[in-house]
Amino acid sequence: MSLHSHHPNRHETIVESAFNTAFGAIPRHTLSRGSQNADAAQRFVQDELMLDGNARQNLATFVTTWMEPQASALIQASLEKNIIDKDEYPQSAEIERRCVNILANLWHAPEPTGEADAVGCSTTGSSEGAMLAGMALKWRWRARREAAGLDTSKPNLVMGANVQVCWEKFARYWDVEARLIPLDGATHLTAEQAAAACDENTIGVVAVLGSTFDGSYEPVRDIAAALDKLAAATGLDVPMHVDAASGGFVAPFLDQDLLWDFRLERVKSINASGHKYGLVYPGVGWVLWRSAEDLPKDLIFNVDYLGGSMPTFALNFSRPAAQVIAQYYTLVRYGFEGYQSIQQRSRDIAGTIAAGVGAMGPFTLLSRGDELPVLAFRLSEPGTWSVYDLSHELRSFGWIVPAYPMPEGMADVDVLRVVVRNGFTVDLAGMFLEDLGKSVRRLSGQEPERVAFHH
Ligand SMILES: Cc1ncc(COP(=O)(O)O)c(C=O)c1O
């Protein structure tokens, strides 16, 4: 939920329908007394939403903005299903279980013994996955310390300053020191930095597969190796979590030789966003643990009042099943090869845009879209305009391209970031590069400010 500030005139302002005379004006911020006709109310809300942005030109978000109509039909047909109610909707629960097992297999989790399933669950997104995985790390660290009769009052979590805000949230909400390592020579955490920052109070190290800031992969294998060395030298045995919010659905298809997942013994849990490169509309993420012993039992609640007895580990209770069902649809629909070709296409298009940006002149690329299909670029030289001016200028063509400073350690570098997602085409990439060139020329005074309107 975004927090909205209190509106000063909330009792006075009214909203009315621009197009619909059957719709009576209503107060903006208080509940109206009477009812509206259903069609009129729907039309009114729909008209309000016309003012939202245009997803096709939104190069800011990682989140899926297009699914096949068949997926939309499945979502529509399962809107009333509540994923928590596994007794009423056992088949939705079964579908969630299949997804967890498919991901465990893609991420090379060790085979569970006997009939057991892989250990994991769906979430609302990667942030919830981060909270659950972070809690498991904290609980395990505390249990180890308590068993040894040691102090448990100062847990810390080691991560690069480039982590997504969900990790700072986790640390603040669950009273853990966020040990954010400033960038030093790389755009993300390095193995040496990670190992050097750990101490006896470190509950874990978070490595990001696909940094939000520039799409680069953190060196998960090297970080694991540095922590192995640390363990051999000092006895400090620090577990890792991989935040694969985006990379969890890219690397298994495009970078099969890259060691980032449960093939590394030190990786105890992984999260990913189904609603990013998992190709599902917003509202679904995944978190998996290496084995049952990595998820403390006392974090799991058994819910029996909906009928049956169901283990749950989640922050919210009720949650739509529709997105989980849509995730299963994409897994069934695309299979390995389908995902591979979609992600490769996005990566190719990101590479084309990176080449175009690089050739344009004033920019230096921080990433070229060859890990996540994401590129970030800066101005090579400070000049009369900034990346913020350029972001603003691109808006006049409809493109949403965020500009922001890099995290601590590189905070004097301001970048623009382009995220290429399923649905972005070579044609759109060409249009974007053309408009980027025009924007640069306008800002540099080489192109008329505004073109007059022709009748
Ligand atoms: C690396 C990383 N982790 C976590 C998140 C949070 O993901 P979600 O929006 O699914 O909660 C993001 C979102 O961009 C991300 O890029």
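See above for the structure.
Residues numbered from 1 in each chain as written. Predicted model: local features only at pLDDT ≥ 70, side-chain atom pairs only at ≥ 80, totals over all residues. Heavy atoms only, no water.

Q: Can you break down the site of the ligand residue by residue, with the values?
A: Close contacts around the ligand come from 13 residues, with S126, S127, D243, H275 and K276 the closest. Within the side chain of S127, one N or O atom sits 2.6 Å away from an oxygen atom of the ligand. Side-chain polar atom of H275 to an oxygen atom of the ligand: 2.7 Å apart, as the coordinates give it. About the coverage of the ligand: the protein hides 87% of its 390 Å² of free accessible area. Residues that form the shell around the ligand fall into these classes: three nonpolar, eight polar and two charged. (Near = heavy atom within 4 Å. Polar contact = N/O pair within 3.5 Å; in protein donor to acceptor, adjacent residues only side chain to side chain. Areas by Shrake-Rupley, 256 points an atom, 1.4 Å probe, with all protein chains shown as cover. Nonpolar A, V, L, I, M, F, W, Y, C, P; charged D, E, K, R; others polar.)

Q: Describe the sheet that holds strand β15 (residues 414-419), and please don't skip the residues or the numbers.
A: Strand order in the open sheet formed by four strands is β12-β13-β15-β14, with antiparallel pairing between adjacent strands. The two strands at the open ends of the sheet, each matched to only one other strand, are β12 (363-368) and β14 (403-405). Direction aside, neighbouring strands of the sheet carry axes that sit 30 degrees apart on average. Inspection of the sheet shows β14 paired to β15 by three bridges, in the antiparallel sense. Its bridge partner lying in β15, Y404 is registered against V415. Those strands touched by helix α9 (residues 322-360) are β12, β13 (374-379) and β15, and its axis lies near 160 degrees from that of β12. (Pairing = 2+ DSSP bridges. Helix = DSSP H or I, 4+ residues; strand = E, 2+ residues; numbered from the N terminus. Axes fitted to C-alpha atoms, helices over the stretch in contact; angles between N-to-C directions. Contact = heavy atoms within 4.5 Å.)

Q: Give a detailed account of the pattern of salt bridges, specifying residues and quantitative values.
A: Tallied over the entire structure, the rule returns 17 salt bridges. Residues E68 and R333 are paired through a salt bridge, measuring 2.8 Å at the closest nitrogen-oxygen approach. Taken together, the positions of E68 in the loop between α1 (38-49) and α2 (69-77) and R333 in helix α9 put the pair 265 residues apart, joining distant regions of the chain. The shortest N-O distance in the salt bridge between R221 and D222 comes to 3.9 Å. Beyond isolated ion pairs, a larger network of salt bridges with shared partners links E94, R97 and R98. (Salt bridge = Lys/Arg side-chain N within 4 Å of Asp/Glu carboxyl O.)

Q: Can you tell me about helix α11 (residues 426-443), naming the residues and giving the values?
A: Given a rise of 1.5 Å per residue, 18 residues ought to cover 26 Å, and the 26 Å separating the end C-alpha atoms of α11 matches this to within 8%. Among all positions in α11, only L428, A429, F432, L433, D435, L436, G437, S439, V440 and R442 are buried. Elements that come into contact with the buried residues of α11 comprise α9, β12, β13, α10 (387-395) and β15. Looking one or two residues beyond α11, the residue adopting positive phi is G445, at roughly 75 degrees. (Expected span 1.5 Å × (residues − 1). Buried < 20%, exposed > 50% of the residue type's maximum accessible area, 1.4 Å probe, protein only.)

Q: An account of the packing of helix α3 (residues 90-106) against α9 is requested, with residue identities and associated values reported.
A: Put simply, α3 and α9 touch, their axes get as near as 9 Å, and they point 45 degrees apart. Between α3 and α9, the interaxial angle falls into the category oblique. Considering only the axes of α3 and α9, their crossing is left-handed. Contact with α3, carried on its side by S92, I95, E96, R98, C99, I102 and L106, involves V324, I325, Q327, Y328, L331 and F336 of α9 and no other residues of that element. Counted by class, the contact of α3 with α9 contains nine nonpolar, two polar and two charged residues. (Parallel < 35°, antiparallel > 145°, perpendicular 65-115°, else oblique. Left-handed = near helix turned anticlockwise from the far one by under 90°.)

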